Amino acid sequence: MKRFLLLPMAAVLTLSAQARVRLPHLIGDNMVLQQQSEARLWGWAKPGSTVKVTTSWQGTATAKAGSDGKWLARVTTGQASDTPQTVTFDDGDGTVAIKNVLIGEVWVCAGQSNMEMPVRGFWGCPVEDYNQTVIDARNHGAVRSVKIPSVMRMEPQDDAQCEWRECGPQTVGDFSATGYFFARTMHQALGIPVGIIEANKGGSRVESWLTKENLQRHTSEPTDSAGIVAFKPEWDYHRAMVWGNGTFNPILNYTVKGILFYQGCSNVGDPGNQYSERLKLLVAQWRQQFALGEIPFYFVEIAPYHYDDVNGTQGALLREQQQRAAQMIPNSSLVCTNDLVYPYETTQIHPAQKRQVGERLAWTALSRDYGFSEVLYKSSSYKDMTVKGDTVFIHLQDNYHADAPYEMIKGFEVAGQDRVFHPARARHFWRPGGGYWDEAIMVVSDEVKQPVAVRYCFRNFQLGNVTNGANLPLFPFRTDNW
């Protein structure tokens, strides 16, 4: 990150070109500040000194450094603009200036490796449409990204080695793919700058981001240095707390619009409702730490994956926990991904279709937060069922008046009292004046004459084809609690 010292010659000689005011790396050239907010800017200076913060669009704000040298100022940002701005910081001993600052929308991209996965892909894990994304990147210079290094720390960190990057053909390959496709869609829709803060770690668990206090209060995870060293998970990225301390804590002063979250694979196998309860706890923690109110939290369903047994249900149970969390967490929404893997990606933990994931997150934000009421973003989900003879009639909600395809529906299974599930035939059912069954999905299996339960894609890797009026996939579900 380039910073410019604007000092008189005498000051240069006496201070060796070093101003006392210091900024975190997150506050630097090319950054995006949240529009129409009291954006927070902070740093360190001589204890007791006054720091003047001057913006090219507004004026001057001041902040006094505490006994520990820390200071924080708030500047009014106004409406978004792609006009480059400057911000200067003066503590009386010299001035630090940052440039090419844009005002727009700022979102956090959190989670594990499917959020971290860059546009250029991982080794052996490509992202679709890479070349076209690179070619198109020249049209989205107002999209900016900053990657917070993934580091473990025992104590919460105030700073991280990072710098903001402008989008372009030479840089876009390093952006989070999910985050970039979200930001690109937002930029296309709004025509304003979009900044994404990438604070994530591949393989991390939900516990990886919880604070020491929350872990002590709600889990049995070790939180002292001796306990953490003694605890030897299979991989370091499974450790609790330390990733939040090193990778997420440095961004908590930044003023953001909301949080995007793609995580869950490393929690597959957790018992009962543990995952949904801890995810709810994490969201409450982050909202409290950001101190920006009930900011949006939009997250992504884990994709189908074999988890050592394609017909197992560990992954399905985690997806069920994600759906439960979406009902529990205020101002949240879950993106369904059941259709975003190919049949040959059974053992691919990083599916190639990241553009659609980012776009669906953007559709969610545009509809819920930016007035695009005509943008349809919800996937349909199970509502209820009725059994009539050997046939089950399934009703869905959020289907936008369409359950497709009309017939040859795939992904359903039914079971009788023996709790053994069998593949089922399913088709759209409609009968004028037919009462409660006048429109539904009709499910039947020759092996089950008295059905009592239905499942849809409720396995580790099972692909269905039911979509709604927005062409979005049906969430996997089960009607039993076996």
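None of these values were measured; they are calculated from a predicted model.

### Thoughts on the overall build of the chain
Within the chain, the secondary structure is distributed over 10 helices and 22 strands. Compactness check: the chain gives a C-alpha radius of gyration of 25 Å against a globular reference of 23 Å for 482 residues, within 12% of the reference. In terms of principal-axis extent, the alpha carbons of the chain reach across some 95 × 50 × 40 Å. Considering the chain as a whole, with its 482 residues, one finds that 58% of them fall into the buried category. A fraction of 73% describes how many contacts in the chain between residues 6 or more apart in sequence connect residues 24 or more apart.

### Some points on the pattern of salt bridges
In the structure shown here, the tally under the stated rule is 21 salt bridges. Across the pair aspartate 158 and lysine 70 runs a salt bridge, and its minimum N-O distance is 3.0 Å. Highlighted residues: aspartate 158 in the loop between β9 (143-147) and β10 (164-166) and lysine 70 in strand β6 (residues 70-76), separated in sequence by 88 residues. For aspartate 158, a relative accessible area of 36% puts it in the partly exposed group. Residue classification places lysine 70 among the partly exposed residues on the basis of a relative accessible area of 39%. A salt bridge links aspartate 480 to arginine 478; the shortest N-O distance between them is 3.8 Å. Arginine 478 matches aspartate 480 in its accessibility class, with the two residues each being buried. Put simply, Arg205, Glu207, Glu221 and Arg278 are held in one network by salt bridges that share partners.

### Some words on the sheet that holds strand β22 (residues 477-478)
Two orientations exist for strands paired in a sheet by backbone hydrogen bonds: parallel and antiparallel. With antiparallel pairing, the four strands of this open sheet are ordered in space as β18-β17-β21-β22. Strands at the two margins of the open sheet, each flanked by one partner only, are β18 (421-423) and β22. As defined by bridge partners, strand β17 (residues 412-415) adjoins β18 across three bridges and the pair is classed as antiparallel. For valine 414, the partnering residue across the bridge sits in β18 and is histidine 422.

### Examining the confidence of the model for the chain
Residue-level pLDDT values for the chain average 94, and 95% of them are 70 or greater. Across residues 4-17, confidence stays below pLDDT 50; counting only partners more than four residues off in sequence or on other chains, it has 20 contacts.

### Let's talk about the sheet that holds strand β16 (residues 391-397)
Taken in spatial order, the four strands line up as β15-β16-β20-β19 in an open sheet, and their pairing is antiparallel. Looking at strand neighbours, the two that pair on one side only are β15 (381-388) and β19 (425-430), the edges of this open sheet. The mean angle between the axes of side-by-side strands here comes to 30°, regardless of whether they run parallel or antiparallel.

### Here's the deal with the layout of surface pockets
Unoccupied space between atoms shows up once a probe the size of one water molecule is rolled over them. There is about 500 Å³ of room inside the largest pocket. Together, 21 residues line the largest pocket, and Gln323, Ala326, Gln327, Ser381 and Phe475 are the ones closest to its centre. At the level of elements, α9 (314-328), β14 (332-335), β15 and β22 are the ones that each hand at least two residues to the lining of the largest pocket. Here the lining of the largest pocket gets five residues from one element, more than from any other, and that element is α9. Class assignment of the residues belonging to the lining of the largest pocket gives a composition of eight nonpolar, seven polar and six charged.

### Some thoughts on the nonpolar core
One finds Trp71, Phe89, Phe248, Tyr254 and Leu279 to be the most contacted residues of the largest nonpolar core, which totals 73 residues. Val119, Cys125, Phe182 and Val194 belong to the second largest nonpolar core, which has 36 residues in total.

### Focus on the state of the cysteines
Scanning the model with the defined rule gives zero disulfides in all. You can see cysteine 167 has no disulfide; the closest cysteine sulfur is in cysteine 109, sitting 13 Å from it. With relative accessibility at 7%, the residue cysteine 167 sits in the buried group. Take cysteine 336: it sits in no disulfide, and the sulfur closest to it among the cysteines is that of cysteine 457, at 8.7 Å.

### A closer look at helix α4 (residues 177-190)
With 14 residues, α4 ought to run about 20 Å at 1.5 Å a step, and its terminal C-alpha atoms sit 20 Å apart, in line with that. Summarising burial for α4: 11 of the 14 residues are buried, a large majority. Along α4, the residues that are buried comprise Ala177, Thr178, Gly179, Tyr180, Phe181, Phe182, Ala183, Arg184, Thr185, Met186 and His187. By the N-cap criterion, in which a side-chain oxygen at the helix start approaches the backbone nitrogen of a residue two or three places on, α4 is capped by serine 176, the distance to glycine 179 being 3.0 Å. Trailing α4 by a residue or two, glycine 191 shows a phi angle of about 70°, which is positive.

Rules used in this analysis
- Residues numbered from 1 in each chain as written.
- Predicted model: local features only at pLDDT ≥ 70, side-chain atom pairs only at ≥ 80, totals over all residues.
- Heavy atoms only, no water.
- Helix = DSSP H or I, 4+ residues; strand = E, 2+ residues; numbered from the N terminus.
- Rg over C-alpha atoms; globule rule 2.2 N^0.38 Å.
- Buried < 20%, exposed > 50% of the residue type's maximum accessible area, 1.4 Å probe, protein only.
- Contact = heavy atoms within 4.5 Å.
- Salt bridge = Lys/Arg side-chain N within 4 Å of Asp/Glu carboxyl O.
- Pairing = 2+ DSSP bridges.
- pLDDT = per-residue confidence, 0-100.
- Axes fitted to C-alpha atoms, helices over the stretch in contact; angles between N-to-C directions.
- 1 Å grid on protein atoms, 1.4 Å probe; cavity = no way out; pocket = protein on both sides within 12 Å on 5 of 7 lines; lining within 4 Å.
- Points joined across faces, edges and corners; volume = space filled by probe spheres on them.
- Nonpolar A, V, L, I, M, F, W, Y, C, P; charged D, E, K, R; others polar.
- Core = buried A, V, L, I, M, F, W, Y, C linked by side-chain atoms within 4.5 Å.
- Disulfide = S-S within 2.5 Å.
- Expected span 1.5 Å × (residues − 1).
- Polar contact = N/O pair within 3.5 Å; in protein donor to acceptor, adjacent residues only side chain to side chain.

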